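Below, each chain spelled out in residue letters.
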Amino acid sequence: MNAACLAVRMRITALEAIPLRAAFSRSFSFGTVDRTVSHNVVLKLTSDDGIHGFGEACPVGAFSGETQESVVQLLEGPVREMILNADPFQHAALVKQLEPRLHGCPFTLAAVDMALYDLAGKALGVTAATLLGGVFRERVVMHGSVGWGVAEEMAEAALQQLAYGYRSVKLYAGRGDLAADLRRIETVRSAVGDDVGLIVDVNGLWDFATCRRALGPLRDLRVSLLEQPLPPWDCDGLRWVTETGQVDIAGDEAIYTTFDVAQAGRLRTMDAVNLGISKLGGLLRARDCAAVAFSAGLRVVMGSVLELDIATAAGLQFAATLPTLPYASYLIGPMKYERRLGVTAFEVHDGAVDVPRGPGLGVEVDPDALAALDLRR
Ligand SMILES: [Mg+2]
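Fair warning: this is a prediction, and the values are worked out from it, not measured in the lab.

A. Main features of the nonpolar core. Counting residues in hydrophobic clusters, the biggest one holds 125 residues, and the most contacted among them are Leu43, Val273 and Ile310. Here this core takes 11 residues from helix H3 (residues 106–124), the largest share from any one element. Both domains that furnish three or more residues to this core are identified here as domain 1 (8–125 + 368–373) and domain 2 (131–365). Setting aside anything within four residues of it in sequence, one finds leucine 43 in contact with Ala17, Phe54, Gly55, Ala57, Leu75, Ala111, Val112 and Ala115.

So this is what it looks like as structure tokens:
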């Protein structure tokens, strides 16, 4: 190999972990979680040529034990130790080295992965999607979402969401008893009419008997996708539910690694895998998961944990690179926050979002917004 190929292109010279005081415009309930504030951490890497690469961790208790404090500690401790002086272009090797130190901490790893793509993309003047192999789409179709709550309020919120042009809306179930949850979904269905797709996410809260009883009514309510209806460990139950073919089944809390995707394909426990980049540990790992999914005949769906602008931009970069994307995506996090981080507004037009075209992740972080949200100040 030509020695020039192995030359270091740039070095990471500084790392800053910035915990945010971020709040949602209104409380958002899903699973057993009520989110009014969000514990995001912005990771800022600086290179020897003065380029800044940004990543974002958005730890959510339903997916890992990470907290804002643990993310900051890991970034400022072992991550700093391992990546200072490293070449961000040696991306896969860096992620591989970090994985054992960040075991069970995908949100922290995701922030590093995003920041590496942002740095490398900015250095070359190309998008992260280009670094991943290029795009299949320049806009990504989104669905709206309505948190779990009072049926009539959910119906009203769903109607408000449709103003953005969404053709489908995500609802949550599993916290209440089944009859009440079905009434909630029915109320929303009546309000939005038959032409709007409904996605229902149970976050693994049903037991098998509840799930079995729910399938017929959900099919009759024309629910197009049912996400994680059973706990991730209930492979036999998930396989049975998927085999009935009444509603498409997606796995989310069951999917963190390529091994999880391979198992889902082998056991046919789902039709689709949710490839939210934060819980997977970033774009590189998501790309591997997508490759395994496609080879196993599984569909992919782009989820999120309602991150702010940086992680949402990373999700858009990744969504653009997927050859097929049969369901609407959920990359609308910034819309749910009181204050956003990007210089340009994050916008949904006609139910879709443009994939950012700027270098790296394509999001220009507003220093004033970042300073205003900085928890340390
Ligand atoms: Mg989910």
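B. Examining the pairing of strand E10 (residues 223–227) more closely. A large share of E10 lies buried, amounting to 4 of its 5 residues. With 4 bridges joining them, strand E9 (residues 197–201) and E10 adopt parallel strand pairing. Bridge assignment links isoleucine 199 to a residue of E10, and that residue is leucine 225. In terms of handedness, the path from E9 via helix H7 (residues 208–220) over to E10 forms a crossover that is right-handed. Note: E10 against strand E11 (residues 248–251), 3 bridges, orientation parallel. Looking at the pairing, leucine 226 lines up with isoleucine 249 of E11.

C. Fine view of helix H8 (residues 235–244). Along H8, the residues classified as buried are Leu238, Val241 and Thr242. End-on, the buried residues of H8 take up no more than an arc of 100°, which puts them together on one face. Exposed residues lying more than 90 degrees from the buried face of H8 are Asp236, Glu243 and Thr244. Along its buried surface, H8 packs onto H7 and E11. The positive-phi residue at the C-terminal boundary of H8 is glycine 245, with phi of around 65°.

D. Representation of the sheet that holds E9 within the structure. The strand order across the open sheet formed by 7 strands is E7-E8-E9-E10-E11-E12-E13, and the pairing between neighbours is parallel. Looking at the sheet topology across the chains shown, the edges are occupied by strand E7 (144–145) and strand E13 (299–301). Where strand E8 (residues 168–172) lies against E9, 5 bridges are found, and the strand directions are parallel. Residue pairing across strands places lysine 170 opposite isoleucine 199, the latter belonging to E9.

E. Quick peek at the packing of helix H9 (residues 258–267) against helix H11 (residues 283–295). Put simply, H9 and H11 touch, their axes get as near as 9 Å, and they point 15° apart. Here H9 lies roughly parallel to H11, going by the angle between them. Here the hand of the crossing between H9 and H11 comes out right-handed. Where H9 abuts H11, its residues Thr258, Val261 and Ala262 lie against Asp288, Cys289, Val292 and Ala293. Each residue belonging to the contact of H9 with H11 can be placed in one class, and the counts come to 5 nonpolar, 1 polar and 1 charged.

Parameters and conventions
- Residues numbered from 1 in each chain as written.
- Predicted model: local features only at pLDDT ≥ 70, side-chain atom pairs only at ≥ 80, totals over all residues.
- Core = buried A, V, L, I, M, F, W, Y, C linked by C-beta atoms within 7 Å.
- Buried ≥ 20, exposed ≤ 12 C-beta atoms within 10 Å, placed from the backbone.
- Helix = DSSP H or I, 4+ residues; strand = E, 2+ residues; numbered from the N terminus.
- Domains from an automatic or database assignment.
- Contact = placed C-beta atoms within 7 Å.
- Pairing = 2+ DSSP bridges.
- Right-handed = clockwise from strand over helix to strand, strands pointing away.
- Arc of directions from axis to C-beta.
- Axes fitted to C-alpha atoms, helices over the stretch in contact; angles between N-to-C directions.
- Parallel < 35°, antiparallel > 145°, perpendicular 65-115°, else oblique.
- Left-handed = near helix turned anticlockwise from the far one by under 90°.
- Nonpolar A, V, L, I, M, F, W, Y, C, P; charged D, E, K, R; others polar.

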